[in-house]
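Examination of the molecular architecture
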Amino acid sequence: MRNIIFSITSILFAILFGVLRNVWQGFSYFSVSCCIILCIYWIIVFVIEFIEKYYKNFNEGFNEYKVYLINSTTLTTEDFENNKDLYLDKYKRMIRKDKVIDIFKILICLSLLSVCIFSLF
């Protein structure tokens, strides 16, 4: 909820300053600054989510994957523990797609940030 409120507020200020640009040309810098702040905020949010999802909560996700495999197949806990490295590699391959998507989110925000910064010059 906080992300939505911050984003909407920042976008509204950027639009307001963009409209007020006709009054004073300096408002265009305020508009671009609101966009820069929004990009920095979302970069921080995406990086924190990435770290929590793939590094801090990795073991929890792997345990959920273990439970899913045991419940959906004829695999037993003993078989899973004997081949734990194999299933760990399979789990890493499974989350690789989500990791790439999250990295692209961060890169898109970085590219928007660089466009905003270069538009100031």
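Preceding this paragraph is the structure being described.
Let us look at the structure shown here. (Residues numbered from 1 in each chain as written. Predicted model: local features only at pLDDT ≥ 70, side-chain atom pairs only at ≥ 80, totals over all residues. Heavy atoms only, no water.)

Quick notes on the state of the cysteines
We apply this condition: Cysteine sulfur atoms are paired as a disulfide whenever they come within 2.5 Å of each other. Between buried and exposed lies partly exposed: a residue is buried under 20% and exposed over 50% of the maximum accessible area for its type, with that area taken using a 1.4 Å probe on protein chains only.
Summed over the entire model, instances satisfying the criterion amount to 0 disulfides. The closest cysteine sulfur to the non-disulfide-bonded Cys34 is located on Cys35, 6.9 Å from its own sulfur. By relative accessible area, Cys34 is classed as buried at 13%. No disulfide involves Cys39; its sulfur sits 4.7 Å from that of Cys116, the nearest cysteine. Exposure remark for Cys39: the relative accessible area of 10% places this residue in the buried category.

Some remarks on the side chain of Ser7
Note the threshold: Secondary structure elements follow DSSP: runs of H or I of four or more residues count as helices, runs of E of two or more count as strands, with numbering from the N terminus. A contact between two residues is defined here by any heavy atoms of the two lying within 4.5 Å.
Within the secondary structure, Ser7 sits in helix α1 (residues 2-19). Judged by its relative accessible area of 12%, Ser7 is buried. Ignoring anything within four residues of it in the chain, the contact list for Ser7 reads Leu38 and Trp42.

Focus: the packing of aromatic side chains
Heads up, the condition is: Side-chain rings of Phe, Tyr and Trp, where Trp is taken by its six-membered ring, are said to pair if the distance between their centres is within 6.5 Å; with planes under 30 degrees apart they count as stacked, over 60 as edge-to-face, and otherwise as tilted.
Under the definition given, this model contains 16 aromatic pairs. Ring geometry for Trp42 and Phe46: centres 5.3 Å apart, planes at 40 degrees, overall tilted. Residue Trp42 and its partner Phe46 are located together in helix α2 (residues 27-56), separated by 4 residues, close to a single helical turn. Among the residues examined, Trp42 registers a relative accessible area of 21% and is labelled partly exposed. Every member of this aromatic cluster is reached through a ring pair, and the members are Phe58, Phe62, Tyr65, Phe80, Tyr87 and Tyr91.

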